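# Notes for the structure review
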Amino acid sequence: MIKKSITHDECQKLLDCFYRCCRANKQFSEKFYETMFQMEPQIKVMFSGVNMNEQGRLLMIGIEYLLRSFSDDNTVSLIQLKRLGKKHDQRNLNVHPKYYKFWKESLIKTIEESDERWNEEIHDLWVRALDISIEEYLISHYE
Ligand code: HEM
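Below is a short write-up of the structure.

Rules used throughout
- Residues numbered from 1 in each chain as written.
- Predicted model: local features only at pLDDT ≥ 70, side-chain atom pairs only at ≥ 80, totals over all residues.
- Near = placed C-beta within 6 Å.
- Helix = DSSP H or I, 4+ residues; strand = E, 2+ residues; numbered from the N terminus.
- Nonpolar A, V, L, I, M, F, W, Y, C, P; charged D, E, K, R; others polar.
- Axes fitted to C-alpha atoms, helices over the stretch in contact; angles between N-to-C directions.
- Parallel < 35°, antiparallel > 145°, perpendicular 65-115°, else oblique.
- Left-handed = near helix turned anticlockwise from the far one by under 90°.
- Contact = placed C-beta atoms within 7 Å.
- Expected span 1.5 Å × (residues − 1).
- Core = buried A, V, L, I, M, F, W, Y, C linked by C-beta atoms within 7 Å.
- Buried ≥ 20, exposed ≤ 12 C-beta atoms within 10 Å, placed from the backbone.

### Remarks on the site of the ligand
Neighbouring the ligand are 19 residues, the closest being M46, L58, G62, Y99 and W103. When residues of the shell around the ligand are traced back to their parent elements, those giving at least two are α3 (41-46), α4 (52-68), α5 (75-87), α6 (100-114) and α7 (120-138). It is α4 that provides the largest number of residues to the shell around the ligand, a total of five residues. The residue inventory of the shell around the ligand, partitioned by class, reads 15 nonpolar, three polar and one charged.

### Details of the packing of helix α2 (residues 28-39) against α6
Contact pair α2 / α6: the axes reach a minimum separation of 9 Å and the direction vectors enclose 135°. Here α6 runs oblique to α2, going by the angle between their axes. As for how α2 packs across α6, the hand of that crossing is right-handed. Together, F28, K31, F32, T35, M36 and M39 of α2 and F102, W103, E105, S106, L107, K109, T110 and S114 of α6 make up the contact between the two elements. Class assignment of the residues belonging to the contact of α2 with α6 gives a composition of seven nonpolar, four polar and three charged.

### As for the packing of α2 against α4
α4 packs onto α2 with a crossing angle of 100° between their chain directions and a minimal axis gap of 9 Å. In terms of axis orientation, α2 runs roughly perpendicular to α4. Contact residues: S29, E30, F32 and Y33 in α2; M52, G56, L59 and M60 in α4. Here the contact of α2 with α4 is composed, by residue class, of five nonpolar, two polar and one charged.

### What about α4?
For α4, which comprises 17 residues, the first-to-last C-alpha distance of 24 Å matches the rise-based estimate of 24 Å (1.5 Å per residue) to within 8%. Contacts from the buried residues of α4 go to α1 (8-24), α5 and α7.

### Structural notes on the nonpolar core
Ranked by size, the top nonpolar core spans 24 residues in total, and within it L14, F18, L67 and A129 carry the most contacts. Residue assignment for this core shows that the elements contributing at least two residues are α1, α2, α4, α5, α6 and α7. Element by element, the count of residues in this core is highest for α7, at five residues. Once residues within four sequence positions are removed from consideration, F18 is found in contact with I63 and L67.

### Observations concerning the environment of A24
With respect to the helices and strands, A24 occurs in helix α1. Sequence spacing of A24 and M60 is 36 residues, and the spatial spacing of their C-alpha atoms is 14 Å. Beyond its immediate sequence surroundings of up to four residues, A24 is in contact with S114, D115 and E116.

Written as structure tokens, this is what we have:
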């Protein structure tokens, strides 16, 4: 059975992994978008005209909110995650739920390629955390 929650220890492991990736791969967000656009070219169209340097910076902050929403001190992160959910819904950016699997897969692939301590346990942890957040805060807002 898949656990539907993340413990504080697990949250810390994910944050440690994410910070290792940020230190090891200065092109992390570029790699993430490149991978996602290759997986699903329709997504690339949504980003035409977007300043990808700025978008990359916001993405990294967004991932940090997502992870910190599982921590003890999560008030700000939860507010931000809910804001992001609303921003991506059909009244705003209109990101259809079918696209989130590409987002998740390209993030996991980019982390795997960036983290020298990547293993099966950390892989499963990322899958669980992303599934919970995407379901709860992103897809559930799309009517
Ligand atoms: C959990 C999943 C996701 C997270 C955490 C996330 C995060 C973000 C963040 C932080 C921003 C900047 C907006 C702001 O801070 O106000 C953003 C914008 C955006 N996201 Fe996402 N995103 C996710 C999934 C997706 C997916 C699946 C797509 C498309 C397939 C997508 C398309 C966009 C677009 C088009 C923008 C607006 C860019 C612009 O016009 O400036 N996002 N996202």
